[in-house]
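One-letter residues, chain by chain:
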There are 2 protein chains.
Amino acid sequence: MPTYTAPVKDLQFVLHDVLNISASDIPGYDELDADFTNAVLEEAGKLTGEVLAPLNVVGDQEGCRLENGVVYTPTGFKAAFEQVKEGGWPGLDMPEEYGGQNMPQVLGTAVGEMFSSSNQAFTMYQGLTHGAAAAILAHGTDEQKNKWLPNMVSCEWTGTMNLTEPHCGTDLGLMRTKAEPQDNGSYKITGQKIFISAGDHDMADNIVHLVLAKVPGGPDGIKGVSLFIVPKFLVDDEGSIGARNGVSVGSIEEKMGIHGNSTCVLNYDDAEGYLLGDLNKGMRAMFTMMNEARLGVGMQGLSAAEVAYQNAVDYAKDRLQGRAVTGVENPEGPADPLIVHPDIRRSLMDQKSFVEAGRAFILWGAKLLDASHRKGDKDADGLVSLMTPVIKGFLTDEGYDMTVKAQQVYGGHGYIEEHGMSQFTRDARIAMIYEGANGVQALDLVGRKLAADGGKHVMAFFELVKTFCKENGEDEALKDFVGPLKAASKDLQAAGMYFMQAGMKNPNDALSGSNDFMHLFGHVCLGLMWAQMAKAANVALEAGAEDKDFYETKLTTGRYYMARRLPATGMHLARIQSGGDTVMALAADQF
Amino acid sequence: MPTYTAPVKDLQFVLHDVLNISASDIPGYDELDADFTNAVLEEAGKLTGEVLAPLNVVGDQEGCRLENGVVYTPTGFKAAFEQVKEGGWPGLDMPEEYGGQNMPQVLGTAVGEMFSSSNQAFTMYQGLTHGAAAAILAHGTDEQKNKWLPNMVSCEWTGTMNLTEPHCGTDLGLMRTKAEPQDNGSYKITGQKIFISAGDHDMADNIVHLVLAKVPGGPDGIKGVSLFIVPKFLVDDEGSIGARNGVSVGSIEEKMGIHGNSTCVLNYDDAEGYLLGDLNKGMRAMFTMMNEARLGVGMQGLSAAEVAYQNAVDYAKDRLQGRAVTGVENPEGPADPLIVHPDIRRSLMDQKSFVEAGRAFILWGAKLLDASHRKGDKDADGLVSLMTPVIKGFLTDEGYDMTVKAQQVYGGHGYIEEHGMSQFTRDARIAMIYEGANGVQALDLVGRKLAADGGKHVMAFFELVKTFCKENGEDEALKDFVGPLKAASKDLQAAGMYFMQAGMKNPNDALSGSNDFMHLFGHVCLGLMWAQMAKAANVALEAGAEDKDFYETKLTTGRYYMARRLPATGMHLARIQSGGDTVMALAADQF
């Protein structure tokens, strides 16, 4: 069975050596000294490693089942959920007034990585609740907040997000679910929603569905969509649970992975609902939390890669097969461990160098979100908005590939379910799809974010890279980092320039390269992370840090990324610059 | 449910317009005129599309089950297997003297693609039989051939290959299964074999296991391994089936995919076996058929990509979602079909341009094998041996990626099992692993094939590319092809040069780049295929071919590959040239 050990040390390195969070002036960050974050991370590490990780395979094998309208989660999930609630984890970064601990998102994100690595399907129950609670927090009336939030912050009640319908996913303007206004100010919701994660289950007393629907007579398309709170059980003014509402589970979807999460078809039949936010502004309300939600999904790519990598390393050290090409390394054994073989190392280094930089990238994003939310830093907000599709799209695409590489290390043993490596890939696959499929992320990046505010934020990004390269260009200890970063950034700028010129003439020329641009951007971001991490490692080494080995390993891993992964930027640029002609040339029936 | 339509026209194009098989002087090719191959392909297309494809999902969902020692295949498999046998398909390229039709491998490969596309798990039952029969054909005594082959060629009896044991996969020298010689010349086989595809089932009267085992007292390691014929039921001299032999099914493996194939743990307990080929030369006997077997697995990568692509195209044309960025294209509908969106097209073009060139690559490989086997062409044999790891490793790596891309076109509907897109990826995943994991293919390519016969075959490959470029460099109609091919080939040569220089000093420098070299080589091969196909398309167009549209589509698709896919060679070269330092630098405990 696969295991999971929380990467506390590496998270601490990013938080303190790289992002230097406790020295930041973001409100709440002063509490985050190394001892404090260490204590939190250790505790979360224990829970996730010892309680949630062992349930990961159980969830996959048992799945959820629907019996007489009731959804049952896999063995052990309910007890584990109680432990998670008792620890107060769901409310870690929620406001104190609703029972949360008001920690910054950067810490919630570090903890979230562990939860997601250990058991993605399980973690989604609280993840969706978090998202729904955040939407109510942002758009609810005081009455709504007081009524729903305390139980959601504690996860006594969980939450869901209801967007998709059978005939509409990305294009929500096609939505058919109706909300009929009632005399008492409430609405009657009727329609079918599909792919509803954590849609129903036996772990909470109530489920608070956030449902997008159209009020008849409103504007056509996306402009007529509103957001509603629709509880599974009605709740009276004293907060007591009352009658069952008109929402039922049609079925549980059979999926490729995340079997431990109940992905439901939900049927709404005159269900009582309450408008959340403004009428016909449902999309805005749903998407206020978009950057956070997409960062959370990006993290799933990273976290899946992390746990898959950990197990691949263990296997590569244990499994004896063949001899090192440069001479026997395990003379007492019948063969050398897999890890002596260059191609196995190539794969492990791909994974390691991705995971560590991805972690820094995500936590940097979370820090920017904190700066935006906690001190109204508009530049931080613009920058993280720009990078959000990259975090989501690039980290989940790459994260998935890394789980496939980890699985490959196991050979045939990776293909059978026994070792759990197949599950990591099957679970990771969804992150490329939900919360906006990665093609939509790429479109958002190229079609919207790049030019937002007159291109100000992308210029700020380039400036950041340029400044780093300028300030550290003479540092001999960083020579393996600054040069490649500069070259990769140049590719990114050339691609941006191409879009500005070609995209003006024909948007297809730009959009044909959107996926490549997202990946090109992602590589530059991870290159920047590696350069910054290398600098932090050098600083620590010069300061005579105790754990020399940790920092030297960091530098070696970074050098690998710069030498082996970053050259992808040239390929992406070439593809982008080839334009849209070959992409768009065929008529539909020529495919 | 997904569907499958055999690409008869495209196969015909490759066989006749590109490879010009009927004009070839390979014995047996004179029969292969366009009418004949068309008739065969149409017939195979009907069977695979109408009978096997509908069973693909059934096989996935039901899987195989073991009850009281008996393995049952999924509903419908047995009846379909009868149809396949009645059609004589298993013996298509087998010798007439054993009941086969003696067709060249190039035709068997074209038909094989269809079988594999329509139902990979099902097709493996006959695929393994074919492999085992080929080994007996090559190494058996006349008595053995007469005893086993007729029933195997007809698939009345099926076959298996038994290599892997729990502790040894690639490194077969660690094998523990024993073969004790008996007085009557037979052997008693005892041991456990795992991952045995088609290991047991209810579709044949007998199963002929080919088992690698060690005769006690023989040489250590791989040099003491022999190959044995071990039937499920003993067969007397008259060919009648007798007593059950000492081989039983321990369990059926739970796998990520190919559920319709019974992958078994087989326990041998004093099972009667018969030496096949020479004592202690088991590996040689098993691997005589290696090029064919690996070409067959490479084809699975391609065939999975083909069927996934077909369904992705259908979905992209049907599913209405969003509007084209350049203006509404489906004004009567509520939205435009997905296929209007550039990033969806980018994905479909990736798939289409891969599949069509991969098909040509495989069939070229099969033609070279025919030239080797049927007229003893040593150069053809050397060239196909060189390219075999590329065919297997590159086409299965890329093929898998393409199924993931096809799945992505479906968005959330690709993640649920209902549409069958998840199955294509889960099934395709195994091809990267079995018949030598792709890391082993890359090692074989760089560590062995490149330098084989003093590098003669790789030089021949370069010469081939060079000649094409020289002969067609002035052809304006091929300018989008020759230039990129030349550049990609230059990258490949530079990589080869690097290996020769660096690899001499430290083999780790070469082997660290082995995976990249395999992919670089693969891209150049597909680039060459596209250049040749473009030339053939131009010839047809100039000759006033009827189906202009087909040939023009071919040219456009090829231009896409040259512009968008071929630039990967530069990235692979950069990685290769970065050497082994960053790959090998970490100690095992630093991972």
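Only a predicted model underlies this, so the values are computations on that prediction, with no experimental measurement involved.

Peer 1: Explanation requested: the overall build of chain A in the structure shown.
Peer 2: Looking only at helices and strands, chain A has 21 helices and 11 strands in total. Principal-axis analysis of the C-alpha atoms places the extent of chain A at approximately 80 × 60 × 55 Å. In chain A, which comprises 591 residues, the proportion classed as buried is 65%. Here the analysis covers contacts within chain A between residues at least 6 apart in sequence; of these, 74% occur between residues at least 24 apart. Only carbon and sulfur atoms are counted for the fraction: they give 49% of the accessible area of chain A, which is about 20,600 Å².

Peer 1: Could you clarify how one ought to interpret the relation of the copies chain A and chain B in this entry?
Peer 2: Taken together, a rotation about one axis and a shift along it account for how the two chain copies relate. With an RMSD of 0.0 Å, chain A superimposes on chain B once it is rotated by 180° and translated 0.0 Å along the axis. Between the two chains, the operation in question is that of a two-fold axis. Residue A:M571, judged by its C-alpha, is the member of chain A lying nearest the rotation axis, at 3.1 Å. By residue overlap, the copies meet face to face through one surface: 100% of the interface positions of chain A are interface positions in chain B.

Peer 1: What exactly am I supposed to notice about the packing of aromatic side chains here?
Peer 2: Two aromatic rings, taken as a pair, are described by how far apart their centres are and by the angle between their planes. One pass over the structure, following the stated rule, counts 32 aromatic pairs over all chains. The ring of A:Y274 is capped by A:K147, whose NZ or CZ atom sits 5.6 Å from the centre of that ring.

Peer 1: Looking at this structure, how should I read the interface of chain A and chain B?
Peer 2: Interfaces are often described in size by the accessible area the parts lose on coming together. Taken together, the contact pairs 92 residues of chain A with 92 residues of chain B. For the pair chain A and chain B, the two sides together bury roughly 7,500 Å², of which 60% comes from carbon and sulfur. At the surface where chain A touches chain B, the tally comes to 2 salt bridges. The biggest single contributor to the side of chain A that touches chain B is helix α19 (residues 548–565) of chain A, with 9 residues. Among the residues forming the side of chain A that touches chain B, the class breakdown is 42 nonpolar, 29 polar and 21 charged.

Peer 1: Got a minute to help me understand unusual backbone geometry in this structure?
Peer 2: Outside of glycine, negative phi angles account for most residues, and trans bonds account for most peptide bonds. Here A:F195, not a glycine, exhibits a phi torsion of approximately 60°, which is positive. Within the chain, B:N280 stands out as a residue other than glycine whose phi angle is a positive 65°. Here B:N280 lies in the loop between β11 (264–276) and α8 (282–287).

Peer 1: Can you help me understand the domain arrangement of chain A in this one?
Peer 2: Residues and elements named next belong to chain A. On domain assignment, one finds that chain A holds domain 1 (8–139), domain 2 (158–280) and domain 3 (451–585). Computed from C-alpha coordinates alone, the two centres of domain 1 and domain 3 are separated by 30 Å. Each side of the interface is counted separately: domain 1 has 5 residues, and domain 3 has 9 residues. Buried surface at the junction of domain 1 and domain 3, both sides included, amounts to about 610 Å², of which 70% is carbon and sulfur. Linking domain 1 with domain 3 are 2 salt bridges. Note that K9 is salt-bridged to D547, the shortest N-O span being 2.9 Å.

Peer 1: Help me understand the environment of B:Y561, please; the structure alone is not making it clear to me.
Peer 2: Residues and elements named next belong to chain B. Structurally, Y561 is set in helix α19 (residues 548–565). Given a relative accessible area of 1%, Y561 falls into the buried group. Separated by 77 residues in sequence, Y561 and P484 have C-alpha atoms that sit 9.8 Å apart. For Y561, the residues in contact, after removing those within four places along its chain, are S353, F354, F394, H523, L526, G527, W530 and L566. At 2.8 Å, the side chain of Y561 and the side chain of H523 are in polar contact.

Peer 1: Help me understand the packing of helix α10 (residues 342–375) of chain A against helix α11 (residues 378–409) of chain A in this model?
Peer 2: Two quantities define a packed helix pair, namely the angle between the helix axes and the distance between the axes. Residues and elements named next belong to chain A. Following both chains from N to C, one finds α10 and α11 inclined at 155°, their axes separated by 9 Å at the closest point. By the criterion of interaxial angle, the relationship of α10 to α11 is roughly antiparallel. Here α10 runs over α11; the crossing is left-handed. For the contact of α10 with α11, the class distribution of residues is 18 nonpolar, 6 polar and 5 charged.

Peer 1: Help me understand helix α15 (residues 456–472) of chain A in this model?
Peer 2: Residues three or four positions apart in an α-helix share a direction because the helix packs 3.6 residues into each turn. The end-to-end C-alpha separation of α15(A) is 24 Å, in line with the 24 Å expected for 17 residues at 1.5 Å each. Packing partners of the buried residues in α15(A) comprise α10, α11, α16 (479–505) and α18 (514–542) of chain A.

Peer 1: Would you take a moment to explain the pattern of salt bridges for this structure?
Peer 2: When their charged atoms lie close together, side chains carrying opposite charge are able to pair. Residue and element names in this part refer to chain A. What the rule picks out here adds up to 60 salt bridges over all chains. Residue R575 is joined to D516 by a salt bridge in which the shortest nitrogen-to-oxygen separation is 2.9 Å. Residue R575 is found in helix α20 (residues 568–577), and its partner D516 is found in helix α18; the two are separated by 59 residues along the sequence. A single burial state applies to R575 and to D516, both of which are buried. A single network of salt bridges, built from pairs that share partners, joins D10, E113, E306, K352, E356, R359 and K554.

Peer 1: I would appreciate a short explanation of the pairing of strand β3 (residues 157–162) of chain B in the present structure.
Peer 2: Residue and element names in this part refer to chain B. For β3, the tally of buried residues reaches 6 of 6 residues, placing the bulk of the element in the interior. Burial along β3 is two-sided: W157, G159 and M161 facing one way and T158, T160 and N162 facing the other are all buried. Here β3 runs beside strand β6 (residues 206–214); their pairing, made up of 6 bridges, is parallel. Among the inter-strand pairings, G159 is bridged to a residue of β6, identified as V208.

Peer 1: When you look at the pairing of β6(B) in this model, what are you seeing that I'm missing?
Peer 2: The two faces of the sheet receive side chains in turn, since in a regular strand these alternate between them. Residues and elements named next belong to chain B. In terms of residue burial, β6 counts as a mostly covered element, since 9 of its 9 residues are buried. Going residue by residue along β6, you find N206, V208, L210, L212 and K214 tucked away on one face and I207, H209, V211 and A213 tucked away on the opposite face as well. The pairing of β6 with strand β7 (residues 225–231) spans 7 bridges and is classified as antiparallel. Following the sheet pairing, H209 is matched in β7 by V230.

Peer 1: Would you mind going over the side chain of A:H457 with me for this structure?
Peer 2: Within the fold, A:H457 resides in helix α15. If we ignore the near neighbours within four places in the chain, the residues touching A:H457 are A:K378, A:D379, A:G382, A:L383, A:L386 and A:A452.

Peer 1: Teacher, can you tell me more about helix α14 (residues 438–449) of chain A here?
Peer 2: Taken together, the buried positions of α14(A) are A:N438, A:Q441, A:A442, A:D444, A:L445, A:V446 and A:K449. Residues of α14(A) that are buried in the fold lie against α9 (290–318), α11, α16, α17 (507–511) and α18 of chain A together with α11 (378–409) of chain B.

Peer 1: Explain the packing of α9(A) against α10(A) to me, please; I cannot follow it from the model alone.
Peer 2: All names here are of chain A. Relative orientation of the contacting elements α9 and α10 amounts to 155°, with a least axis distance of 9 Å. Put simply, α9 runs roughly antiparallel to α10. For the element pair α9 and α10, the recorded crossing hand is left-handed. Among the residues making up the contact of α9 with α10, the classes are represented as 16 nonpolar, 6 polar and 4 charged.

Rules used in this analysis
- Residues numbered from 1 in each chain as written.
- Chains lettered and ligands numbered in written order.
- Predicted model: local features only at pLDDT ≥ 70, side-chain atom pairs only at ≥ 80, totals over all residues.
- Heavy atoms only, no water.
- Helix = DSSP H or I, 4+ residues; strand = E, 2+ residues; numbered from the N terminus.
- Buried < 20%, exposed > 50% of the residue type's maximum accessible area, 1.4 Å probe, protein only.
- Contact = heavy atoms within 4.5 Å.
- Areas by Shrake-Rupley, 256 points an atom, 1.4 Å probe, with all protein chains shown as cover.
- Least-squares fit on C-alpha atoms with pLDDT ≥ 70 in both.
- Phe/Tyr/Trp six-rings, centres within 6.5 Å; stacked < 30°, edge-to-face > 60°.
- Lys NZ or Arg CZ within 6 Å of the ring centre and 35° of its normal.
- Buried area = accessible area lost by both parts, 1.4 Å probe.
- Salt bridge = Lys/Arg side-chain N within 4 Å of Asp/Glu carboxyl O.
- Nonpolar A, V, L, I, M, F, W, Y, C, P; charged D, E, K, R; others polar.
- Domains from an automatic or database assignment.
- Polar contact = N/O pair within 3.5 Å; in protein donor to acceptor, adjacent residues only side chain to side chain.
- Axes fitted to C-alpha atoms, helices over the stretch in contact; angles between N-to-C directions.
- Parallel < 35°, antiparallel > 145°, perpendicular 65-115°, else oblique.
- Left-handed = near helix turned anticlockwise from the far one by under 90°.
- Expected span 1.5 Å × (residues − 1).
- Pairing = 2+ DSSP bridges.

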